[in-house]
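# A look at the structure
Listed here are the chains, written in short residue letters.
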Amino acid sequence: MWRKLGEGVLKYRYPLLIALLLVTAFMAWQASKVKLSYEFSRAIPTDHPKYLAYQQFKSQFGEDGNLLVVGTETNRLFEADFFNSYTKLVRDIKGIKGVEDIISIPTAINLLKDEETEKLNPSLIFRDTLLSQSEVDSSAAEFLNLPFYQGLLYNPTTKASLIGIRVNKEIMASPARTEMVSDITKLAEDFGKQQQIQIYLSGLPLIRTVIADRIQKEMRLFLAGSLLLSALILLLFFRSFGTMMLSLAVVLIGVIWSLGTLQLFGFKITLLTALIPPLVVVIGIPNCIYFLNKYHTAFKETNDQRSALVLMVEKMGIVTLFCNIAAAIGFAVFALTKSEILKEFGLVAGINIMMLFFISLIVIPGVLSLQSPPKEKHLRYLHNPRLQRWLVRLERWSLHHRKQIFIVTILVVIVSVAGIFRLKSIGYIVDDLPKTDKIYTDLKFFENQFKGVMPLEILVDTKKKYGVSRDLGNLQKIDSLEQFLVSRNYIGKPLSIIQALKFARQSFFEGDSSSYTMPSEYDLPALAQYLNMKPDSTSGKNTFGTLISSFMDSNRQQARISVTMQDVGTERLPFILDTIQGRADEIFDTSKYNVQLTGTSVTFVEGSRFIISGLKESIFWAFLLIAACMLYLFKSARILLCSLIPNVIPLVITAGVMGWAGVHLKPSTVLIFSVALGIAIDVTIRFLVNYKQNSKHVQSIQANVIQTIHSTGLSIIYTSIVLIAGFVIFCFSSFGGTFALGWLTSLTLVVATIANLVLLPALLISLRKK
């Protein structure tokens, strides 16, 4: 079959190459339209209860993750020159396209009691003009007398201040957000240089924008780096510029097809899908090495180019096919999960790794048949004396030191299993950024000064119309829950109808800060009209009615408590959320009320749980499907056992190293195991297929193993070098997950290569049929 296929490829090479070029041109056109994702990828399924609750919350109250914050820490804040420049900064930021509203000290309002109308009129504390020192001092005293803003915009202990910038969600979902965030960052940093102070920026809009832009830059860098490194290795191995260009052409076509596939499926480039083009290069080059190595070997034996090409397809076609199937399975199993981000990655990666086989099968024989036969210098690498000496050592170890090999393997596995028990599953929202990155350090500033910027929303449903605004008991229960939240050192100051009422009560009692308390049953009737006050949609002023309305639904049935919290990680966050939910259930009778926790923090922890669970499941399916392929290919339980052991052990060792090195299990690191299993099994398939082919004319298992080591060892070593070098490229990433993918996958491949060249031959000899 494979011989006829090889003859057919050569016979119809012109129409096949033309058809391939036409398809590639179409895919290139599609690839030119692929866009970068400007949305936070859905880690949990769209039918998940937490996701549905979050979407319902956003439809009622709007986005919770659209606040960008700018922070400072200085004793000079209320000096006239500094404060006037600070006010100008706020005004300039307000003028940037995409900025909808700003909450800051210069724009802070007070509620003034009107004796005649008995209404609370909002008034700016600091006039929007140049202020003298006496005016700043007077307004600052008024501001500092308002507990509503303490811990929200100002930390009186450390003199840290905050500017909250609410940005347009449509802008945030478009490429224009890069310019908007860049403009805000430039204004803030210019102000910092002018005043010679440190400026801190954070918030989900900033984090998402910076990460998305880095993804785009790194994709280009890694693609160029993997191509360059592969070109150098190929040139070093084959000593032929033409062979190098042929291999690069194969992987470049694969890259174009992968980007075109993204567009055809309607997907965008995310943190995961950005890895696919470099992965195509890394996995595609071994295809070329397998085919070219066999072509050179066959040509040396036959001295006939056409016969060598047919023999190349005949012998290496099935090997390369099953290698690509195994690698594709390692990626495609992610499509079996319910996580959208993993589905996209698995589907596109799996399809294009399989396409690499057909691209290689058409391009390599077709183009080689049009070139002149290889010269002696191109075949010189087949007799590398140093590598041949290593192959002799491998032969000696397999024949005479099997006991020592098994003992060392068992000891290493025991140590690795001990390391596995040290593994922890912890993830953070900015987990993939280094601790020295400005995004990370600025986030820590806001956590220290204002207890974080990660949004958490608590929705209290009284199940009755006006159950919030006309029931003092319900308001007191909400206040009790807020008191509990305030007592947590990882949660910031709550914003809710309760804080608004306390603010109103203070204003009614002539601005006395001691009156900033929950209204009593005697106070509430006097304040009741403000609960029914509609937001002022005609003026641009920040009215009290707008504040009230933003924390209740239109029926005054549901109350919203908005807090920010620290990025505490997926290990602590579920416990914290359960604690809050437990306290809420104690305060509110669950048969009469429904208290729900939602927001970005909740969807993040649920998404992390879902991804890790899906990835663990995908490892199981990858192992099962690859085992089925091996059983079909070799039709021997003994060979199946021999093939799986050298590929399971590297995964166990890698997991053990992660445990001992303190690398946590999280979405970006669990990904490694399925990917590494799919790629590492290639070496096993290469070895065992050649072993099976030799068994037809070599009766002795020992002689067959020796011959297989010498006939396949060279190409296995070359291929492993390319794979390991290709993944090392990812170690230069600024993202922790991509960096871990690089060094941990490289480690797995190093161990897998050693296991397949040392342990596998020893197993084949030891487990031979008596």
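Residues numbered from 1 in each chain as written. Predicted model: local features only at pLDDT ≥ 70, side-chain atom pairs only at ≥ 80, totals over all residues. Heavy atoms only, no water.

### Brief notes about the overall build of the protein chain
Within the protein chain, the regular secondary structure consists of 26 helices and 10 strands. The principal-axis extents of the C-alpha atoms in the protein chain amount to approximately 110 × 50 × 45 Å. Excluding contacts between residues fewer than 6 apart, the proportion of contacts in the protein chain whose partners are at least 24 apart in sequence is 79%. Accessible surface, the protein chain: about 32,600 Å² in total, of which carbon and sulfur atoms supply 59%. (Helix = DSSP H or I, 4+ residues; strand = E, 2+ residues; numbered from the N terminus. Contact = heavy atoms within 4.5 Å. Areas by Shrake-Rupley, 256 points an atom, 1.4 Å probe, with all protein chains shown as cover.)

### Concerning the confidence of the model for the protein chain
Residues with a pLDDT of 70 or more make up 94% of the protein chain, whose mean pLDDT is 83. In this model, residues 531-543 is a region of pLDDT below 50 whose contacts with residues beyond four sequence positions or in other chains number 19 contacts. (pLDDT = per-residue confidence, 0-100.)

### Here we look at helix 17 (residues 472-486)
Here helix 17 is 15 residues long and its end C-alpha atoms lie 21 Å apart, about the 21 Å a rise of 1.5 Å per residue gives. For helix 17, the complete set of buried residues consists of Leu472, Asn474, Leu475, Ile478, Asp479, Leu481, Glu482, Phe484 and Leu485. N-capping of helix 17 is provided by aspartate 471, with a side-chain oxygen placed 3.0 Å from the backbone N of glycine 473. (Expected span 1.5 Å × (residues − 1). Buried < 20%, exposed > 50% of the residue type's maximum accessible area, 1.4 Å probe, protein only. Polar contact = N/O pair within 3.5 Å; in protein donor to acceptor, adjacent residues only side chain to side chain.)

### Section: the pattern of salt bridges
Taken as a whole and assessed by the stated rule, the structure comprises 15 salt bridges. Here glutamate 314 and arginine 3 are joined by a salt bridge, their closest N and O atoms 3.0 Å apart. Taken together, the positions of glutamate 314 in helix 11 (residues 305-332) and arginine 3 in helix 1 (residues 2-11) put the pair 311 residues apart, joining distant regions of the chain. Overall, the relative accessible area of 40% leaves arginine 3 in the partly exposed class. Arginine 583 is paired through a salt bridge with glutamate 586; the nearest N and O atoms lie 3.0 Å apart. Taken together, the residues span about one helical turn, with arginine 583 and glutamate 586 both in helix 21 (residues 573-587) at a distance of 3 residues. When its relative accessible area of 30% is taken as the criterion, arginine 583 is described as partly exposed. (Salt bridge = Lys/Arg side-chain N within 4 Å of Asp/Glu carboxyl O.)

### Some details on the sheet that holds strand 10 (residues 594-598)
Sheet strands pair by backbone hydrogen bonding; their relative direction is either parallel or antiparallel. Here we have 3 strands laid out as an open sheet, ordered 9-8-10, and antiparallel in their pairing. The strands lining the two open edges of the sheet, one partner per strand, are strand 9 (558-565) and strand 10. The average angle at which neighbouring strand axes cross in this sheet is 15°, direction not considered. Of the strand pairs in this sheet, strand 8 (residues 454-461) and strand 9 are connected by 8 bridges, and their pairing is antiparallel. By the bridge assignment, proline 455 is partnered in strand 9 with threonine 564. (Pairing = 2+ DSSP bridges. Axes fitted to C-alpha atoms, helices over the stretch in contact; angles between N-to-C directions.)

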